[in-house]
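As a plain string of letters, each chain reads:
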Amino acid sequence: MKILVCISDVPDTTTKIKFSNENKELDKTGIQWIINPWDELSLTRAIELKEASGGKIESITVINVGQKGSEPTIRKALAMGADNAIRIDAEPKEAYYVAYQLAEVIKSKDFDIVLTGLDSADYNGSSVGGMLGELLDITNVSAISALNIEDDKVFVNREIEGGTQKLEIQTPFIAVVQKGIAIEPRIPAMRGIMQARTKPLEVVSPVDTDCLTENLVYELPQPKGACKKFSEENVSELVEVLHKEAKLI
Amino acid sequence: MTVLVYTENREGKFKKATFELLSYAEELAKNINGEVVALSIGNVSSDELNKLGNYGAKKVVSVTDEQFSLLDNKLYIKAIEDVAKKENASILVMADNLSGRALAPGLSAKLKAGLVSGVVAVPSSYEPFVIKKKVFTGKAFADVKVNSEVKVLTLSQNSYGIKDATSDTPQIEEYKPDTSGVESKFKLVSEELVTGKLLLSDAEIVVSGGRGMKSSENWHLLEELAQLLGAATACSRPVSDEGWRPHDEHVGQTGKIIAPTLYIASGISGAIQHVGGISSSKVIVAINKDPDAPIFEVADYGIVGDFQKVLPEFTNAIKEIKGA
Ligand SMILES: Cc1cc2nc3c(=O)[nH]c(=O)nc-3n(C[C@H](O)[C@H](O)[C@H](O)COP(=O)(O)OP(=O)(O)OC[C@H]3O[C@@H](n4cnc5c(N)ncnc54)[C@H](O)[C@@H]3O)c2cc1C
Ligand SMILES: Nc1ncnc2c1ncn2[C@@H]1O[C@H](COP(=O)(O)O)[C@@H](O)[C@H]1O
């Protein structure tokens with residue numbers, strides 16, 4: 001069995017976002033780039049499963065659509081425990097473009113499970129995994145909070161509006177993962193970091209395809225007006241305001 | 001040309017979020033000289049289907065086939081594609097919730113229709129089609145241009161509002177979509193459904209607690225308040241990690257993203273990852289004993305104090321107003 005984990009390279013979650021070039025571009029100065037939190041957890045789960053599989057899971061590959069600058073993030077995934085990596089050498093312009101590039105590569109290999117995250121912390125597309133399902137014409141299950149393999153059978157838990165379901169699912173499939181898939185991300189050990197330097201990282205060229213959407217310009221939210229503060233002694237005053245002025249309660 | 005709205009029911013009833021989608025779609029339809037068609041999948045009474053007319057649907061395509069009882073993305077996508085083509089839809093609108101996120105991307109790929117997820121406003125222009133969405137986990141917005149003929153949008157909850165339309169009873173059409181060639185590759189082993197409880201994603205008011213609440217034993221203070229307000233309860237990530245509260249109550253960048261009218265945060269510091277999940281709330285009230293806690297930077301109202309003292313008083317003051 002082979003697992004593929006799609007990883008997107010995103011600004012650290014604590015980043016204060018700024019824009020440049022008349023708000024047409026993200027200002028990248030000082031940004032720390034990380035593996036998208038969902039992808040880090042998917043990869044962690046894939047590694048746990050491989051470790052427990054007694055050799056049945058042959059390999060874990062990570063794939064990224066990104067330029068040279070995303071290699072440190074890819075190396076980190078290798079240091080965590082992925083066996084090899086593929087980078088599709090293109091700017092990840094928009095979701096359809098990214099999904100199309102991924103699909104082209106995935107078609108030529110035989111992965112049993114493809115993991116993608118619920119959304120990327122950059123453009124919050126929530127798109128790539130679902131698009132892959134249709135581009136590759138394989139099963140796609142979303143909002144996965146658990147992935148288990150028991151006696152060669154694959155089970156997932158998924159969240160739906162108003163509940164969770166456990167499903168038994170045939171491979172190959174694409175899982176769009178969310179909270180719960182793993183508890184804490186795997187921290188690379190020194191040995192892993194050393195090994196990562198020599199693990200295979202294949203760079204492939206993108207294929208031509210259309211962009212269906214384009215981000216024209218960015219804007220920061222309007223700053224909030226100052227918070228109206230009340231003391232412990234004036235709680236009922238606040239409740240009055242919420243009731244009479246804000247008409248919320 | 002039509003604007004097709006995917007309307008989701010829960011136990012045979014539509015939610016407010018669905019009426020908001022229709023109101024939104026009606027405005028889009030006006031601007032493209034088209035009509036709103038609603039698609040309903042599942043068993044919904046005709047009375048309930050008729051309600052969709054009050055918010056702008058001219059026609060309701062109702063699909064009740066048994067094969068849709070279990071959500072299978074491929075099957076649903078095939079069915080929605082079929083209806084979109086039949087109705088000549090140029091814009092598809094869905095909610096930015098679990099279902100919308102499960103189905104919209106596949107539809108986009110299948111129809112080669114540009115997807116904009118989490119839109120927060122009506123388009124600023126129709127030709128070219130430009131629309132605003134949230135990016136960077138709510139820290140910014142982007143104006144996105146869609147290049148394709150057909151567009152797929154998922155709407156952030158509470159970003160448009162519900163508007164009554166003066167409309168006749170909609171035409172209801174029973175329909176069996178063409179799903180040939182799609183075969184389900186999974187089976188249901190078991191399920192746990194939340195029944196009778198207000199879902200966090202549907203709640204107008206949310207009462208939320210953080211690590212500052214000290215232990216799960218103090219949660220009754222929040223639950224009592226929530227009950228009084230008809231609110232849902234939520235929590236910060238460490239609280240669900242500690243097991244004080246169930247995981248489905250965790251809000252933030254790695255939990256649920258919500259947009260209630262009123263969000264009350266008690267003992268929550270306001271870390272940037274938490275705020276990412278609640279920043280679209282209309283009004284935020286924070287209770288925190290530290291006057292410099294970052295939550296006060298995003299809150300509209302705040303009480304600097306100990307929750308042990310503040311929450312009971314808060315609840316009592318509301319009881320007085322409500323005359324309970
Ligand atoms: C990749 C990543 C993703 C993350 N995603 C999320 C997410 O989705 N959601 C999330 O919530 N967090 C998330 N976090 C964690 C986040 O960074 C914070 O650690 C977390 O939000 C803090 O939770 P808290 O405010 O409950 O606790 P704390 O930061 O410990 O704050 C407790 C607050 O309670 C106040 N307090 C203490 N005692 C009292 C009292 N008696 N009365 C009143 N107030 C009191 C304190 O002043 C303090 O402000 C994420 C972190 C990372 C790295
Ligand atoms: N550039 C990329 N390269 C590889 N995978 C990606 C890329 N962008 C997004 N993904 C995958 O798709 C998921 C959802 O991203 P998005 O649709 O952009 O919100 C991410 O968690 C990744 O698993």
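Coordinates for the structure precede this section.
Residues numbered from 1 in each chain as written. Chains lettered and ligands numbered in written order. Predicted model: local features only at pLDDT ≥ 70, side-chain atom pairs only at ≥ 80, totals over all residues. Heavy atoms only, no water.

Draft legend 1. Main features of the packing of helix α6 (residues 235-244) of chain A against helix α9 (residues 307-322) of chain B. Close contact between α6(A) and α9(B) brings their axes to 9 Å; oriented N to C, the two are set at 45°. It follows from the interaxial angle that α6(A) and α9(B) lie oblique. For α6(A) against α9(B), the interelement crossing comes out right-handed. Residues Val235(A), Ser236(A), Leu238(A), Val239(A), Leu242(A) and His243(A) of α6(A) touch α9(B), and the partners they reach there are Val310(B), Glu313(B), Phe314(B), Ala317(B), Ile318(B) and Ile321(B). (Axes fitted to C-alpha atoms, helices over the stretch in contact; angles between N-to-C directions. Helix = DSSP H or I, 4+ residues; strand = E, 2+ residues; numbered from the N terminus. Parallel < 35°, antiparallel > 145°, perpendicular 65-115°, else oblique. Left-handed = near helix turned anticlockwise from the far one by under 90°. Contact = heavy atoms within 4.5 Å.)

Draft legend 2. Expanded view of the site of ligand 1. Neighbouring ligand 1 are 26 residues; Arg211(B), Lys214(B), Ser236(B), Thr254(B) and Ser269(B) lie closest to it. At ligand 1, the nearby residues belong to more than one chain, namely chains A and B. Between ligand 1 and Ser269(B) there is a distance of 2.7 Å, counted from an oxygen atom to a backbone nitrogen or oxygen. Contact with the protein chains removes 80% of the 990 Å² of surface that ligand 1 exposes when unbound. Mapped onto the shell around ligand 1, the elements with two or more residues apiece are α6 (237-241) and α7 (272-275) of chain B. Class assignment for the residues of the shell around ligand 1 results in 5 nonpolar, 15 polar and 6 charged. (Near = heavy atom within 4 Å. Polar contact = N/O pair within 3.5 Å; in protein donor to acceptor, adjacent residues only side chain to side chain. Areas by Shrake-Rupley, 256 points an atom, 1.4 Å probe, with all protein chains shown as cover. Nonpolar A, V, L, I, M, F, W, Y, C, P; charged D, E, K, R; others polar.)

Draft legend 3. Spatial organisation of the interface of chain A and chain B. Each partner contributes residues to the interface: chain A has 78 residues there, and chain B has 91 residues. Between chain A and chain B, a total of about 7200 Å² is buried, with carbon and sulfur atoms accounting for 58% of that surface. Our enumeration of links across chain A and chain B arrives at 13 salt bridges. Residue Asp210(A) is joined to Lys112(B) by a salt bridge in which the shortest nitrogen-to-oxygen separation is 2.9 Å. Remark: the boundary between chain A and chain B carries 45 residue pairs in polar contact (both at pLDDT 80 or more). Within the residue set of the side of chain A that touches chain B, elements represented by two or more residues are α1 (37-52), α4 (128-136), β9 (139-150), β10 (153-160), β11 (163-169), β14 (213-219), β15 (228-231) and α6 of chain A. The residue inventory of the side of chain A that touches chain B, partitioned by class, reads 37 nonpolar, 22 polar and 19 charged. As judged from the 6 bridges shared by β14(A) and strand β9 (residues 140-146) of chain B, these two strands associate in the antiparallel manner. (Buried area = accessible area lost by both parts, 1.4 Å probe. Salt bridge = Lys/Arg side-chain N within 4 Å of Asp/Glu carboxyl O. Pairing = 2+ DSSP bridges.)

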